[in-house]
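# Survey of secondary and tertiary structure
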Amino acid sequence: MTAEHIREQLEQIAEQLDDLAMSVLRDAVEEGATSRPEEEKRLTRARRSVEKAISILGD
């Protein structure tokens, strides 16, 4: 396993986190929410952390 392989996996995970966060937002809007759900905030923070790791591995 190489750093590039791990970086590719992290890119996939970042995309999955983004998709899941968008799904949570859509569900919240459909339910009439007027603010961002905490779950979406956590998913977004996790995605940003993964993106930071991707950047570090790309250096």
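These lines cover the structure that appears in this document, whether it is placed above or below. A quick note: this is a predicted structure, and the numbers were derived from the prediction, not measured.

Before going further, it helps to spend a moment on the packing of helix H1 (residues 3-30) against helix H2 (residues 38-58). The N-to-C vectors of H1 and H2 enclose an angle of 160 degrees; their axes lie 9 Å apart at closest approach. Viewed along their axes, H1 and H2 adopt a mutual orientation that is roughly antiparallel. In this structure, the crossing between H1 and H2 has a hand that is left-handed. Among the residues making up the contact of H1 with H2, the classes are represented as 16 nonpolar, 2 polar and 7 charged.

A few words now on the pattern of salt bridges. Enumeration according to the criterion identifies 5 salt bridges in this entry. Glu38 is the salt-bridge partner of Lys41, the closest N and O atoms lying 3.4 Å from each other. Separated by 3 residues within a single helix, Lys41 and Glu38 lie in helix H2, roughly one turn from each other. Note on Lys41: relative accessible area 29%, which makes it partly exposed.

The end-to-end C-alpha distance of H1 is 40 Å, a good match for the 40 Å that 28 residues give at a rise of 1.5 Å each. All buried positions along H1 are accounted for by Leu10, Ala14, Leu17, Ala21, Val24 and Ala28. Looking at the residues trailing H1, positive phi occurs at Gly32, about 90 degrees.

Cut-offs used in this document
- Residues numbered from 1 in each chain as written.
- Predicted model: local features only at pLDDT ≥ 70, side-chain atom pairs only at ≥ 80, totals over all residues.
- Heavy atoms only, no water.
- Axes fitted to C-alpha atoms, helices over the stretch in contact; angles between N-to-C directions.
- Helix = DSSP H or I, 4+ residues; strand = E, 2+ residues; numbered from the N terminus.
- Parallel < 35°, antiparallel > 145°, perpendicular 65-115°, else oblique.
- Left-handed = near helix turned anticlockwise from the far one by under 90°.
- Nonpolar A, V, L, I, M, F, W, Y, C, P; charged D, E, K, R; others polar.
- Salt bridge = Lys/Arg side-chain N within 4 Å of Asp/Glu carboxyl O.
- Buried < 20%, exposed > 50% of the residue type's maximum accessible area, 1.4 Å probe, protein only.
- Expected span 1.5 Å × (residues − 1).

Worth remembering: the numbers are spatial, not functional.
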